Amino acid sequence: MWPLSSCATLPPEGGGEGSLPNAGAGPFREIAQAELGGARTAPRAMDDDERFARDASVVDLDGDPSTLAAAGFFAATLRADDAAPDPLAPPNAIVRHDAADGRSFARASTTVLTPELPWEGGVVAAPSALLVGSDVWLYYAAEGGVGLARSADGMDFAREPAPVLAPLAPGEGWDGGAVPGSPGVIRLPDGSFRMFYAVPGDGDASFVGEARSDDGLLWERVGSGPALAPAPLAGADAPEEGAPFDGAAVSDPAPVLAVSATGRPLLRVYYAARDSDGRSAIGLAARLGHDGPLQRAVAPVFGASSALSPRAPSVAVYPGFSLLFVTQAAGTRDGQGYPVVAAGVAPADAALPPPMPP
């Protein structure tokens, strides 16, 4: 394993180069009030006590990282006009909120996807949006697996009739019988796709699997085991201070492409982690190149001291800084807790451009 202190580092590339700093990878600090517009209360970039928008996927729709305007796709729970809001109800919609500064999401939204097909089981959740050419591809979780909907404008989506990643038969593959969920999808420079996805295990355990595709439609699982599993509770790789922060479960993968300090391609995977005491945080694993084993940081990049149980990370990378969005249990409505989306920034000393109104 590799340490994570004031900046994220990777193992040596070889040739005695030593560790390669990647300051924008984390750790993340909470965004400050002066950095957040739209009458939001920091660090909450999204606080919706009616539809409980959560599990953000933030995409730069013009493909230019020097401009900040972005669209956020969120899971949400729609309800009948005469029904009370229920934060425990499963998400049944994906909604879009825009942010001119990449972080201060407007309160107005557009519903872009609701469940229509039997295999979705009344659920659409955990969006993962990305640009493919000028189109927006939106992967999502449903009861029967991972689906895909596509749009030319990021508003009107047409979905595939069947899941693009469905469960295998029991006994087939390491995750046979388990329904894949929480997809995180990226497109590699050669035009192919990689998906990281969550797989439930025994009890409350969960794992992260990996799949590859040439066209984003037909997927093949990678490897004979998970790409990321809960860290061992003991041994040489365990943190000295006790059980690892991700020793019970790893989930909600969010892959990000980057380049190392020496110009090599780098693939980072942020993920939700839970320890044996039930505490949650956001972890980071990475590899040099696009293939091979992931190596994880021994410390979380966000939420290590938080009691708000952060999960479902999404990271947007801009010149000089990165923004992190996580879902956490921070809201209260009529005595019930509900999820909000908090924002963080790395490096900690980054100076963000002024916030903009929605």
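Structure: see above.
Residues numbered from 1 in each chain as written. Predicted model: local features only at pLDDT ≥ 70, side-chain atom pairs only at ≥ 80, totals over all residues. Heavy atoms only, no water.

Chemist: Even after reading the chapter, I still don't get the nonpolar core, so can you show me in this structure?
Modeler: In a soluble, globular protein the nonpolar side chains are often hidden away together inside. Of all hydrophobic cores here, the largest spans 23 residues; its most connected members are V58, F74, F105, Y318, F321, L323 and F325. Other than its neighbours up to four places away in sequence, F105 contacts R40, A45, M46, V58, A71, G72, F74, H97, D98, A99 and F325. With 16 residues, the next largest nonpolar core counts W137, Y139, L148 and V164 among its residues. (Core = buried A, V, L, I, M, F, W, Y, C linked by side-chain atoms within 4.5 Å. Buried < 20%, exposed > 50% of the residue type's maximum accessible area, 1.4 Å probe, protein only. Contact = heavy atoms within 4.5 Å.)

Chemist: Could you clarify how one ought to interpret the sheet that holds strand 9 (residues 125-132) in this entry?
Modeler: Paired through their backbone hydrogen bonds, the strands of a sheet run either parallel or antiparallel. An order of 9-10-11-12 is seen for the four strands of this open sheet, with the pairing classed as antiparallel. Edge positions in the sheet fall to strand 9 and strand 12 (158-159), since each of these pairs with one other strand and no more. (Pairing = 2+ DSSP bridges. Helix = DSSP H or I, 4+ residues; strand = E, 2+ residues; numbered from the N terminus.)

Chemist: Explain the sheet that holds strand 19 (residues 280-288) here, please?
Modeler: The sheet built from four strands is open, its strands ordered 17-18-19-20 with antiparallel pairing. For this open sheet the edge positions go to strand 17 (249-259) and strand 20 (295-296), each flanked by a neighbour on one side alone. The pairing of strand 18 (residues 265-274) with strand 19 spans nine bridges and is antiparallel. Paired with L267 across the bridge in strand 19 is R287.

Chemist: For this particular structure, what's the right way to read the environment of V124?
Modeler: Tracing the sequence through the fold places V124 in the loop between strand 8 (110-113) and strand 9. Distance from V124 to V146, taken between C-alpha atoms, is 9.4 Å for residues 22 residues apart in sequence.

Chemist: How should I be thinking about the side chain of R103 in this particular structure?
Modeler: Note that R103 resides in the loop between strand 7 (93-99) and strand 8. For the buried R103, no salt bridge exists, and the shortest N-O distance to an oppositely charged side chain is 4.1 Å, to D101. A polar atom in the side chain of R103 sits 2.5 Å from the backbone oxygen of E35. Those residues in contact with R103 that lie beyond four places of it in its chain are I31, E35, L36, A45, L68, L323, F325, L352, P353, P354 and P355. (Lys, Arg positive; Asp, Glu negative; His and termini not counted. Salt bridge = Lys/Arg side-chain N within 4 Å of Asp/Glu carboxyl O. Polar contact = N/O pair within 3.5 Å; in protein donor to acceptor, adjacent residues only side chain to side chain.)

Chemist: Is there a simple way to explain the packing of aromatic side chains in this structure?
Modeler: Any aromatic ring pair is given by two values, namely how distant the centres are and how the planes are angled relative to each other. Under the definition given, this model contains ten aromatic pairs. Where F73 meets F157, the ring centres are 6.1 Å apart and the plane angle is 90°; that geometry is what we call edge-to-face. Of this pair, F73 sits in strand 6 (residues 70-76) while F157 sits in the loop between strand 11 (145-151) and strand 12; the two residues are 84 residues apart in sequence, bridging distant segments of the chain. The pair formed by F73 and F157 is uniform in burial state, with each residue classed as buried. A ring pair is formed by W137 and F193, whose centres lie 5.4 Å apart and whose planes are at 10°; its orientation type is stacked. Placement of W137 in strand 10 (residues 135-142) and of F193 in strand 14 (residues 193-200) is noted, with a sequence separation of 56 residues between them. Positioned over the ring face of W137 is R150, at 5.0 Å from the centre of the ring. (Phe/Tyr/Trp six-rings, centres within 6.5 Å; stacked < 30°, edge-to-face > 60°. Lys NZ or Arg CZ within 6 Å of the ring centre and 35° of its normal.)

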